[in-house]
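Given next are the chains, with one letter for each unit.
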Amino acid sequence: MEIYRGKRLTVEKREITLPNGKRKERVVIHPGGAVAILPVEGDDCYLIRQYRYAVDDYIFEAPAGTIDEGEEPHETARRELIEETGMKAEVFTPKGWIYPSPGYTDERIWLYIAEGLSPCHDYDMDEDEVIEVVRTPLRDLAAMIADGRIVDAKTICLICRCFL
C-alpha cells in the first residue's frame, strides 16, 4: 500500500514473507537511483562541502545526484558533476554501485571516478543547494574518513572503490 508519493520518492507499506516463513509488515522507501562522482585531477580530488538540512550541518561529500526519469547513470554523472562543481570530465570510469541503506530503501547509487577535468557551466546548481567546492589532496582522504571529517556513506564507499 502506498503511503506517500512525492516528487523524488515513494513510501510503501508491505506485508512480506521472510525466508524463514515468518510474515512481517515493513515500510520501504523508493527514492529512485542516484550517482556519486569523485573528480580527480593529478594528486587532488574535488569534494563538495554541502549543507544538508536533514542533519542541519555542512558535510564533505562527493558530488552526487538523483537520476532523472529516462536518464542513464553515466548521463546523470556528467550532469551532476557540472551542476555541483562547474567542471566537466573527459573520462568517467564506473566503479560499480552500492545499496546505501538496504534496511529500508531500495535506492541504488552508481559510483564513478571522473578525470580530464575542465571548467563548464552548461547546468546551474539546483536552487536549494548550498555548496562549496573544496580541492582536497588524495593523500588526505583516508585521514578525513578516519577522523570523521568525511561521514557521508556514499563518499566513503566511493573513495574505497577508487583506491582500495
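Placed above this text is the structure.
Attention now goes to the environment of Asp122. Tracing the sequence through the fold places Asp122 in the loop between strand 9 (109-119) and strand 10 (131-137). Spatially, the C-alpha atoms of Asp122 and Gly86 are 8.3 Å apart, while their sequence positions differ by 36 residues. Excluding anything up to four places from it in sequence, Asp122 contacts Arg78 and Ile82.

Time to look at the sheet that holds strand 1 (residues 2-5). Strand order in this open sheet of three strands is 1-2-3, and the pairing throughout is antiparallel. What marks the edges here is a single partner per strand, and that holds for strand 1 and strand 3 (23-30). Strand-to-strand twist of the sheet, defined as the mean angle between neighbouring strand axes without regard to direction, takes the value 25°. Here three bridges tie strand 1 to strand 2 (residues 10-17), and the two strands are oriented antiparallel to one another. Within strand 2, the position partnered with Tyr4 by the bridge is Val11.

A separate point is the packing of aromatic side chains. Summed over all chains, the structure comprises three aromatic pairs. Judged by centre distance (6.3 Å) and plane angle (85°), the ring pair of Phe92 and Tyr112 falls under edge-to-face. You can see Phe92 sitting in strand 8 (residues 87-98) and its partner Tyr112 sitting in strand 9, a full 20 residues away along the chain. Note on Phe92: relative accessible area 21%, which makes it partly exposed. Given the relative accessible area of 6%, Tyr112 is considered buried. With 4.9 Å between their ring centres and 75° between their planes, Trp97 and Tyr99 make a pair best called edge-to-face.

About the thresholds
Residues numbered from 1 in each chain as written. Predicted model: local features only at pLDDT ≥ 70, side-chain atom pairs only at ≥ 80, totals over all residues. Heavy atoms only, no water. Helix = DSSP H or I, 4+ residues; strand = E, 2+ residues; numbered from the N terminus. Contact = heavy atoms within 4.5 Å. Pairing = 2+ DSSP bridges. Axes fitted to C-alpha atoms, helices over the stretch in contact; angles between N-to-C directions. Phe/Tyr/Trp six-rings, centres within 6.5 Å; stacked < 30°, edge-to-face > 60°. Buried < 20%, exposed > 50% of the residue type's maximum accessible area, 1.4 Å probe, protein only.

Purely spatial values, then, with no claim about function.
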